Amino acid sequence: MWASFFLCAAVIVLALYLPGYLLLRGARLSRTLSLGAAPLVSVTGFCLVAIALGVVSVPCGWPTVLLPVLAAGALAFGLSWRRRPRLAAPHREQIGLVLLYLAVGTLVCLYVFVKPLDSPESFYCRFDDQTHYNLARHFVDTGDWSALHHSDGAVSHIPTSTYYPSAWHLVSALAFSLTGIDLPIVFNALNVVLAGLTYPLSSLALMTVLFPRRRSVIVAGAVATMAFACFPWVLLLKGQLLANLISFSLVPAALSLIMRPFNEGGLGHWKGIAGAGILTVAFFGLAHPNGLFTALVFLAPFLIHKAAEALRRSPRLALGNPLRHPALIWLIGAVLCYAIWQLMLYAPPLQQVVLYDNTGNLNLSWPESFYAAAAFSLYPEQPPQWVLAIVCLVGIATLVWRRRAWLALPGTYMLLVYAACRCVDAGYTLRTFLAGFWYSDPYRILCCAEIFLVPVAAAGLAAIAGFIARRARRLSPKPALTLVLATFSLVNFFPAFVVPPEHDLPRDVEGPHFVPTVGTAFGYFHLLFEEGYDMAAEQIYSADEEAFVRKAMEKVPPGALVINDPHDGSAFAYGLNGLNTYYRHIDLGTEAEESPLIRERLSELAADADVAQAVRDAGAAYVLQLDHDVPFEEGVWLIQTNEDNRGNFAGIDAIDDDTPGFEVVIEEDDKRLYRIVPPTA
């Protein structure tokens, strides 16, 4: 199975990078920038093609989705072959940087995420996965990959056709179409590619734009990119927030495309700025809009800084003109940003996100919140990263000294927003104003902060290496940088963590934040993945339950509809295994007419003609129970499950081996598969 995993990862890499790289090279961008930003182009192309195919009702598959985008990239590359400019940096130097970023990203990803997996099919079931797994499976089953036709395919729901940012799900379906490998393996392979390859290369693209003449900072960026313990790993634990994973991992690349024309000539390169802006809006709209707001937080101080510098040096302004003073431009820029921010907060399309009633994670006081932010102890029970915090302070001081203080603003701002999200209620208050575009969720916010602090940490590491090289007469700059990066990596990435005594497993983000621990942040996250993806542990959809579902699928005719209580873990049986379940989410949504009768009174099938008719209307043939006769207080549920909402499915749970109208097909411990035997007329 591991061979299938790595084969799938390789196919995903080719699909993500080849079309976009060819197109960006055709646009005469450097190799490094083209490589880092290639998935932006590829994924946007795939999504737009899928939308177009959905409009004309043509099924999606790898030939109809991948080949048109690949052909467009090859055409652009071919047309520009003779007009390509000479590279700004030697080819070997660019390859070396790419390999360095890939090496660090791959090693950290292998330790934190891949090594803890019991198998490449291991899965981690959280609330959001009901949507992610089921939508990817629905794409595969229907051939409709359009972001405008979102549906989990649940038979219990009234069919709808709505927008949903589904780039992650489309790439999953594309990988399945290319390889035929089981979706659980595809999901893990895609997440590994995004976390261990896409994000580092995306960061490299931004670092080359931010520090084009400071190779030492770019080299240090390879370590700094992966040095922050929470991103991207939190997105694979909390939620899971898989749409945010593909979106956030490419924020640096999107920024690099927009910022590059400003560095090369400003508004004179308006075509490049416009093209990058359109691509960025399209990609984040299709991947996750959170990424767009994240990029705007970084771009705001950059644009104000560029405006202040341009006006300060402008020959058209008199020497006494107040617009020459950067402080005034920063004040004007801040007021303008505040006005735009307020307009977006009140924009009707964004109200569902901005006013999302997120009342969780408010378990810290103001002093505790700011301590957590300052120590980079951002996830519950996470050991602090004090060495990294010191490096960032050095980086801030260095950037201020070099008159690039604006680079420290986005990361610092997002840390402050994180602190507010941990101790301020979520009504229309300070928390909503600061973090409404991220669902007022501190865990999305901390990811933004760590992305933005990468250049700061890289500048700090390079500054420390430069200081050592100047003080040590026999040490030149390159060996000094190597020494600093090696020492920092040994301390920061050291794989150690001791589980505190009397520790409940698995950990819960609603639990205590500060717990006395021994170990490093990376050792801690390695342990979290071991616990979360432990198939031997009892969880909402355990390995035993999944094995039972596989046995059931051998007994059930292909496509036969199976009624289930989604709270018992069967909400994941469709997305992970392909079982055609009636309920695919613990939330009821917009129900079909027969659904209330089925979930509330199914056990009365033999005596109630209305229930029997509802079952016939639904076309159901079987009933699945994964927690037969398990009391609520003894079961393992999603944290969103309670006795009240589980009671919504009382008619399904009340069925037992003696209930008239149901025949036992498979029986194993607390798991049952019943065949529905309709009453005779």
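Residue positions are given per chain, counted from 1 along the sequence in the order it is written. Where totals are concerned, whole chains, interfaces and linings use all residues; where local detail is concerned, this predicted model gives features only for residues with pLDDT of at least 70, and gives and counts side-chain atom pairs only at 80 or more. Calculation of side-chain values draws on the structure's entire complement of heavy atoms; hydrogens and water are dropped beforehand.

Caption draft 1: The arrangement of the environment of Arg-550 in detail. Among the structural elements, Arg-550 can be located in helix α22 (residues 543-555). With 29 residues separating them along the chain, Arg-550 and Leu-579 place their C-alpha atoms 8.5 Å apart. The residues contacting Arg-550, other than those within four sequence positions of it, are Glu-121 and Asn-577. Only runs of H or I of at least four residues qualify as helices and only runs of E of at least two qualify as strands under DSSP, and these elements are numbered from the N terminus. Contacts between residues were defined by any pair of non-hydrogen atoms, one from each residue, lying within 4.5 Å.

Caption draft 2: Spotlight on the nonpolar core. Judged by nonpolar contacts, the single largest core of 196 residues is most densely connected at Phe-113, Trp-233, Met-259, Trp-438 and Phe-525. Considering each element in turn, this core owes the most residues, 18 residues, to helix α7 (residues 183-210). Residues belong to one nonpolar core when they are buried, are Ala, Val, Leu, Ile, Met, Phe, Trp, Tyr or Cys, and are joined through side-chain atoms within 4.5 Å. Burial classification: accessible surface area is computed with a 1.4 Å probe over protein chains only, and a residue below 20% of its type maximum counts as buried, one above 50% as exposed, and the rest as partly exposed. Within the second largest apolar cluster, 21 residues are counted, among which are Leu-605, Ala-618, Ala-620 and Ile-652.

Caption draft 3: Broad picture of the sheet that holds strand β4 (residues 620-625). The four strands are arranged β3-β4-β6-β5 in an open sheet whose pairing can be described as mixed. The open sheet has two free edges, formed respectively by β3 (561-564) and β5 (662-668), since each of these has just one partner strand. On average, each strand axis in the sheet is tilted by 25° relative to the strand beside it, whichever way the strands run. A pair of strands is treated as paired once DSSP finds two or more bridges between them. Here β5 runs beside strand β6 (residues 671-676); their pairing, made up of six bridges, is antiparallel. Paired with Ile-666 across the bridge in β6 is Leu-673. In this description, a line fitted to the C-alpha atoms serves as the axis of each element, helices being fitted only across the stretch in contact, and the angle between N-to-C directions of two axes falls anywhere from 0 to 180 degrees.

Caption draft 4: Examining the state of the cysteines more closely. Any two cysteine sulfur atoms lying within 2.5 Å of each other are counted as a disulfide. Taken as a whole, this structure holds zero disulfides when the rule is applied. Take Cys-125: it sits in no disulfide, and the sulfur closest to it among the cysteines is that of Cys-8, at 18 Å. Residue classification places Cys-125 among the buried positions, given a relative accessible area of 5%. Of the cysteine sulfurs around Cys-230, a residue in no disulfide, the closest is that of Cys-447, at 7.1 Å. Overall, the relative accessible area of 0% leaves Cys-230 in the buried class.

The values are spatial; any link to function lies outside them.
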